[in-house]
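Coordinates in review
Listed below, chain by chain, are the residues.
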Amino acid sequence: MSKQANKIYLVLVIALTVAALLLVFPQTVNKLLGYLNWKFIPNLSETPFKLGLDLKGGCHLVYEADVSQVPAKDQKEAMQGLRDVIERRVNLFGVTEAVVSYQEAGVNQRLVVEMPGVKDVNQAIEMIGKTPYLEFKQERPEAERDALLAKQQAFQDEMKASQGQPEAVVNAIVQKYSGELDLSDPYYPYFIASNLTGRYVKKATLSFDQTAMTPEILLNFNDEGAVLFKDLTEKNVGKKIAIYIDNSLISSPVVREAISGGNAQITGNFSNTEAKELVRNLNAGALPMPIKLISQTTVGPTLGAVSLRQSLMAAWFGLLGICLFMLVFYRFSGLIACISLITYGGILLCLFKFVPVTLSLAGIGGAVLSVGMAVDANVLIFERIKEERKKNESFQKSLELGFSRAWPSIRDSNLTTLLIAVIMFGFGSSFVKGFALTLSLGILTSMFSAMFVTKVLMQAFAGTRWEKFKRLWL
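**Considerations on the overall build of the protein**
- Each helix and strand counted, the protein has 14 helices and 13 strands in total.
- Taken against the 2.2 N^0.38 rule, which gives 23 Å for 474 residues, the C-alpha radius of gyration of the protein at 30 Å runs more than 25% over that of a compact globule.
- Along the first, second and third principal axes, the C-alpha set of the protein runs to 95 × 55 × 45 Å.
- Relative to its full complement of 474 residues, the protein shows a buried share of 41%.
- Relative to all contacts within the protein whose residues are 6 or more apart in sequence, the contacts with residues 24 or more apart total 74%.
- Split by element, the accessible area of the protein, about 25,400 Å² in all, is 59% carbon and sulfur.
- Separation of charge centres in the protein, based on 48 positive and 42 negative side chains, amounts to 13 Å.

**Comments concerning a nonpolar patch on the surface**
- A cluster of nonpolar side chains, namely Met313, Phe317, Leu320, Leu324, Leu327, Leu335 and Ile339, defines an oily patch on the protein surface of about 650 Å² accessible area.
- With respect to the helices and strands, Leu320 occurs in helix α10 (residues 301-354).

**What to know about the layout of surface pockets**
- By volume, the largest pocket is sized at about 970 Å³.
- Lining the largest pocket are 33 residues, with Phe25, Leu312, Ala315, Trp316 and Leu349 positioned closest to its centre.
- Of all the secondary structure elements, the ones that give two or more residues to the lining of the largest pocket are α1 (3-24), α10 and α11 (361-390).
- Residues that form the lining of the largest pocket fall into these classes: 26 nonpolar, five polar and two charged.

**Here we look at the nonpolar core**
- Residues Met326, Leu341, Phe352, Ile381, Phe382, Ile385 and Met458 are the most contacted members of the largest nonpolar core, which totals 41 residues.
- At the level of elements, α10, α11, α12 (395-427) and α13 (430-459) are the ones that each hand at least two residues to this core.
- Every residue in contact with Ile381, bar those within four places of it in the chain, is listed here: Gly402, Phe403, Ala406, Ile410, Ala450 and Met451.

**Overview of the pattern of salt bridges**
- Inspection of the entire model under this criterion finds 13 salt bridges.
- Of the charged contacts in the structure, one is a salt bridge between Lys455 and Glu400, with a shortest N-O distance of 3.8 Å. Within this pair, whereas Lys455 is found in helix α13, its partner Glu400 is found in helix α12, the two being separated by 55 residues in sequence.
- The salt bridge partner of Arg411 is Asp412, with a shortest N-O separation of 3.1 Å.
- Judged by relative accessible area, which is 31%, Arg411 ranks as partly exposed.

**A look at the sheet that holds strand β8 (residues 215-221)**
- The strand order across the open sheet formed by three strands is β7-β8-β11, and the pairing between neighbours is antiparallel. Edge positions in the sheet fall to β7 (201-208) and β11 (263-266), since each of these pairs with one other strand and no more. Averaged over neighbouring strand pairs, the angle between their axes works out to 20° when direction is ignored.
- Here seven bridges tie β7 to β8, and the two strands are oriented antiparallel to one another. Note on β8: the bridge partner recorded for Thr205 is Leu218.

**Considerations on the packing of aromatic side chains**
- Evaluated as defined, the whole model comprises eight aromatic pairs.
- Look at Tyr9 and Phe452: their rings are 5.4 Å apart centre to centre, the planes differ by 75°, and that puts the pair in the edge-to-face class. Of the two residues, Tyr9 is situated in helix α1 and Phe452 in helix α13; the sequence distance between them amounts to 443 residues.
- Summarising the aromatic geometry, the rings of Phe448 and Phe452 are spaced 5.3 Å apart at their centres and angled 20° between planes, so their arrangement reads as stacked. With Phe448 and Phe452 both in helix α13 and four residues apart, the pair spans about one turn of that helix.
- What links up through ring pairs into an aromatic cluster is the set Tyr9, Phe448 and Phe452.
- Between Lys353 and the ring centre of Phe49, over which it is positioned, the NZ or CZ distance is 4.8 Å.
- The ring of Phe425 has Lys433 sitting right over it, with the charged end atom 5.6 Å from the ring centre.

**Re the environment of Gln210**
- Along the chain, Gln210 turns up in the loop between β7 and β8.
- Linking Gln210 and Glu158, residues 52 residues apart in sequence, is a C-alpha distance of 51 Å.

**Observations regarding unusual backbone geometry**
- For Arg331, which is not a glycine, the phi torsion comes out positive at approximately 50°.
- With respect to the element layout, Arg331 can be found in helix α10.
- Arg331 sits in the partly exposed class, given a relative accessible area of 33%.

About the cut-offs
Within any chain, residue numbers begin from 1 and follow the written order of that chain's sequence. The predicted origin of the model limits local features to residues at a pLDDT of at least 70 and limits the giving and counting of side-chain atom pairs to 80 or more, whereas totals for whole chains, interfaces and linings rest on all residues. Heavy atoms from the whole structure form the basis of all side-chain values; hydrogens and water molecules are not counted. Each helix is a run of DSSP H or I of at least 4 residues and each strand a run of E of at least 2, with the numbering of both proceeding from the N terminus. We take the radius of gyration over the C-alpha atoms and set the globule estimate at 2.2 Å times the residue count to the 0.38 power. For each residue, the accessible area found with a 1.4 Å probe, counting protein chains only, is set against the maximum for its type, and the residue is called buried under 20%, exposed over 50%, and partly exposed in between. Whether two residues are in contact is decided by their heavy atoms: any pair within 4.5 Å suffices. Using a 1.4 Å probe, accessible areas were evaluated by the Shrake-Rupley method; residue-level cover was limited to the displayed protein chains. Within this scheme the basic residues Lys and Arg register as positive and the acidic residues Asp and Glu register as negative, but His and the chain ends are omitted. The atoms used to mark charge sites are NZ of Lys, CZ of Arg, CG of Asp and CD of Glu. Patches draw on residues past 30% relative accessible area with no salt bridge. Two like charges within 9 Å are joined, as are two nonpolar side chains (Val, Leu, Ile, Met, Phe, Trp, Tyr) within 5 Å. Here a salt bridge means any side-chain nitrogen of Lys or Arg lying within 4 Å of a carboxyl oxygen belonging to Asp or Glu. Here a cavity denotes grid points, spaced 1 Å and computed from the protein atoms alone, that fit a 1.4 Å probe unable to get out, and a pocket denotes an open set having protein on both sides within 12 Å along at least 5 of 7 lines; residues with an atom within 4 Å of a point are the lining. Grid points are joined across faces, edges and corners, and a volume is the space filled by probe spheres set on the points. Classes in brief: Ala, Val, Leu, Ile, Met, Phe, Trp, Tyr, Cys and Pro nonpolar; Asp, Glu, Lys and Arg charged; the others, Gly included, polar. Put simply, a nonpolar core is a bunch of buried Ala, Val, Leu, Ile, Met, Phe, Trp, Tyr and Cys residues held in one set by side-chain atoms that sit within 4.5 Å of each other. Here, a strand pair is defined by DSSP locating no fewer than two bridges between the strands. Here an axis means a line fitted to C-alpha atoms, over the contact stretch when the element is a helix, while the angle between two N-to-C directions is reported on a 0 to 180 degree scale. Under the pairing criterion, centres of Phe, Tyr and Trp rings, with the six-membered ring standing for Trp, must be within 6.5 Å; the plane angle then separates stacked pairs below 30 degrees from edge-to-face pairs above 60, leaving the rest tilted. Any Lys NZ or Arg CZ that is within 6 Å of a ring centre and within 35 degrees of that ring's normal is treated as a charge sitting over the ring.

This is the structure:
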């Protein structure tokens, strides 16, 4: 590597480190700007880390689904659809960092729901435990629609005007309009319920148009549903039929003609992923799949805060111990390794914040473990450099040979660990996945910091008077 190229890389490393630390600790920068009163510099966005329920507090619920009425070959697809519906319910409840996962426990089918920061656990349990509800709605008469739209606009205007008013005023406005409007459904003025619901749907399947090869959804109703669907489409030719799951609009196809025979076709500008998700949701709403709560674990916010503080203290003490070890055994080279670790830590924390990664105790454990692996790579490099220096090789030559000869060992050890982490992520539960994800990100970042950042920093001293002090280095 030429000196000119290394100078450019050194500037990039410094810029990357500073940018990463600014993004990770924006509160400190904003406080400094406020103290200096530099209003011409905007404050940094204070994006928080996403914390799991074991650090933030919340609840961990395990549900078992009754799939006795579902054919064995359709159970996995039905559970995926059920998971999507439960996830939507949890998000509507206001838990934006919830994790809903599907697990097979022998012959049993289970859903695991993790909800950080939940205050009213009983309300959340009540809402989650309902069977997904699928319904078909038809367009309202124009006069009724326009009247409801006017009321909806009046409600929005009053709510806007009530900003900053006492809570009692806001509640009074909500109470005033809740009897005439469904405030949870923005499309309420456009559609009205029909007699056709998910209990009449036998199955939804994904198909493709033979000409354009675009995805389409095929619905198959039972005998009673076929009659209801034919009657519904006869009355609404040229109009939309809205399809709802849990009072949430998922599709509103236009009826081209009356449909008999109990089969319907939904077409639209679906991507393959969207069409598959719609099929899953339709099947989840149509299949009788009640779920029951079999396990509930609640973590208080105080306990979560204590766990977070203790885990961070352990991480800091571990990092301090590693830095002391590197300084004692490798002197100035160890100092460079410590600086490389700062870059590594800044990049890794940025990834955790902006990917984003939901951090749990297990996830922090994976991150701390990757710190040790980052130092291990530097140890391998320094030992290789030490061997070359014993052969009286020049400083520059020792660096080149040390990094190149240490690379195979670093590569193989990290890739095998990364492979194990990928397997853990693919087959593990939520906490195991959190550990595997943070470990994987840490491994990739550690390889970058060891093979690039450390090398750039050490190359900066090649050809200077500093390289002559052998005892200073190794």
